Amino acid sequence: MDGQAIRVKKGLEGVVFDETAISEVIAERQMLLYRGYPVAELADRCSFEEVAYLLLHGDLPDREQLGAFCDRERRHRPIDEGTIALLRSSPPGHLPMDALRTAVSYLGMTGPLRGEEDAVGIVRKAELLLAAMPTIVAADSRLRKGEEPIPPRDDLPFSENFFHMCFGKIPSPELVRAFDASLTLYAEHGFNASSFTARVVASSLSDLCSAVTAAIGSLKGPLHGGANEAVMRMLVEIGSPERARDWVLAALADRRKIMGFGHRVYRSGDSRVPTMKRYRDRVAAAVGDHRWIAISDVVEETMRERTGIPANLDFPAGPTYALMGFDSALFTPIFAMARVAGWCAHVAEQLASNRIVRPLGAYVGPPEREVVPLEERGTGPLP
Ligand SMILES: CC(=O)SCCNC(=O)CCNC(=O)[C@H](O)C(C)(C)COP(=O)(O)OP(=O)(O)OC[C@H]1O[C@@H](n2cnc3c(N)ncnc32)[C@H](O)[C@@H]1OP(=O)(O)O
Ligand SMILES: O=C([O-])CC(=O)C(=O)O
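Residues numbered from 1 in each chain as written. Chains lettered and ligands numbered in written order. Predicted model: local features only at pLDDT ≥ 70, side-chain atom pairs only at ≥ 80, totals over all residues.

Draft legend 1. Up close: the UniProt feature "active site" (unreviewed entry) in the chain. According to UniProt, the "active site" (unreviewed entry) feature falls on His263 and Asp314. Taken along the chain, the residues just named run across 52 residues; in space they keep tight, none of their C-alpha pairs more than 10.8 Å apart. The residue His263 is located in the loop between helix H12 (241-253) and helix H13 (273-287) in this model. Taking the number of C-beta atoms within 10 Å as the measure of exposure, His263 has 21 and is therefore buried. Excluding anything up to four places from it in sequence, His263 contacts Asp270 and Asn312. Within the secondary structure layout, Asp314 lies in helix H15 (residues 314-323). Exposure remark for Asp314: the 29 C-beta atoms within 10 Å place this residue in the buried category. Excluding residues within four positions of it along the chain, Asp314 makes contact with Ala227, Asn228, Val231 and Gly260. (UniProt positions renumbered as here; feature names shortened; annotations may be inferred. Helix = DSSP H or I, 4+ residues; strand = E, 2+ residues; numbered from the N terminus. Buried ≥ 20, exposed ≤ 12 C-beta atoms within 10 Å, placed from the backbone. Contact = placed C-beta atoms within 7 Å.)

Draft legend 2. Unusual backbone geometry, seen in detail. With phi around 45°, Gln30 is a residue other than glycine that occupies positive phi space. Within the element layout of this structure, Gln30 appears in the loop between strand S1 (23-26) and strand S2 (31-34). Phi is positive for Leu205, close to 65°, though the residue is something other than glycine. Counting through the fold element by element, Leu205 comes out in the loop between helix H9 (193-203) and helix H10 (208-220).

Draft legend 3. Broad picture of the site of ligand 1. Near ligand 1, the surroundings consist of 18 residues, among which Ala227, Phe261, Gly262, Arg264 and Asn312 are the closest. For the shell around ligand 1, a count of residues per class yields 7 nonpolar, 8 polar and 3 charged. (Near = placed C-beta within 6 Å. Nonpolar A, V, L, I, M, F, W, Y, C, P; charged D, E, K, R; others polar.)

Draft legend 4. The domain arrangement of the chain, seen in detail. Each domain of the chain was delimited in the assignment, giving domain 1 (20-222 + 328-352) and domain 2 (228-323). Using C-alpha coordinates to define each centre, domain 1 is positioned 25 Å away from domain 2. Contacts between the two partners involve 22 residues from domain 1 and, on the opposite side, 25 residues from domain 2. Grouping the amino acids of the side of domain 1 that touches domain 2 by side-chain chemistry returns 16 nonpolar, 5 polar and 1 charged. (Domains from an automatic or database assignment.)

Draft legend 5. Seen up close, the sheet that holds S2. Taken together, 3 strands build an open sheet; the order of strands is S1-S2-S3 and the sheet is antiparallel. At either end of the open sheet lies a strand with only one pairing partner, and these are S1 and strand S3 (37-38). Two elements, S1 and S2, share 4 bridges in a ladder whose sense is antiparallel. Looking across to S2, one finds that Glu24 is bridged to Leu33. (Pairing = 2+ DSSP bridges.)

Draft legend 6. Seen up close, the confidence of the model for the chain. Mean pLDDT for the chain: 96, with 98% of residues reaching 70 or above. The ipTM assigned to the predicted complex is 0.99, against a pTM of 0.97. (pLDDT = per-residue confidence, 0-100.)

Draft legend 7. Examining the pairing of S1 more closely. Taking every second residue as pointing to the same face, the buried face of S1 carries Ser23 and Val25, while none of Glu24 and Ile26 on the other face is buried. Counting the residues in the hairpin turn of S1 and S2 gives 4 residues, including Gln30, whose phi is positive at 45°.

Next up, the structure:
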């Protein structure tokens, strides 16, 4: 490389990859804006449908626009027999994130989601994915338990309908509101690993379902979206507030990462945590179960004292979903159901001003060497 010193940016830390008008993370103010609007205000004042519209279409909808958007979303909730058959044939004990990834990939071979992309058509396709993903997640969650899928209803808002498809009933408005707000908080977050993945795939002019399939794969990892499930496994393993401090100290002594803590961009606190905690606490009060909060408080206090590393969104979100009755294996698929709005907005933005993503690597392997023919390499029989 012209003899110049190369500085490798592991994990692309601090690298500005492109411009974006979708969201702004202002870490020093613990602030997150979606297209200029503070996410805490969006979570409190808007439905997830309004927020998804904002991310995909660029501004908050008026009533007419929202009505038309919700009509389209409700119309596209049912999934086809092929997708259901695919879920039915998934191996027993499979992970819901694997089922979701496979089903979205399958959708890319079918009907209106098939084919090439342009920045405008992509938003219509995004609406189809937004509508279909909850149906896939709910159907798979029931099939995994040996239960029949419950078809979506077209007379219910997004969050109510998801509860209906998972449980056959809708919980109290308090729980539905908290769930809806959590979707808003999860919907978008700049150039995080999964959104970056979606943009990289889109940059080769691949199709939307390929980009979203890859993004789901990226989200699944415990350093990213998979952390909300890992948080719950940790809280269950700790079991009681009395055991929490020693558990954390032992994990830190083993140099293990504590799930739901730390962030590449926020160093002094995740903008979304205060809002998510507020909803978590309301849900705990509504269901009368404060066990996970009591353990969480000790974990957080011990982390603050020993490392100064603050919690991220996954820390309060995981136990909130558990209190709502969801299996922990569903937490990351729920994250994906929300983040698909952000992923698709990123794919559209990438395509609107595309250049293929192609960074460099600093080669550290063997220097140039001559190829020795196989007959001269060792003495064993030739295959
Ligand atoms: C919605 C989301 O996706 S938010 C992220 C969810 N992920 C998690 O909660 C998983 C746990 N957290 C982590 O693994 C990390 O903090 C990440 C992946 C989020 C960020 O990673 P990075 O920016 O690369 O930070 P990095 O891992 O270098 O951490 C810096 C230092 O803090 C420590 N640290 C960071 N997070 C944690 C943690 N959760 N527990 C213990 N120590 C931690 C690291 O060990 C490292 O210490 P060192 O300098 O002594 O080696
Ligand atoms: O921004 C990140 O790196 C991870 C995160 O919080 C998110 O994707 O919501």
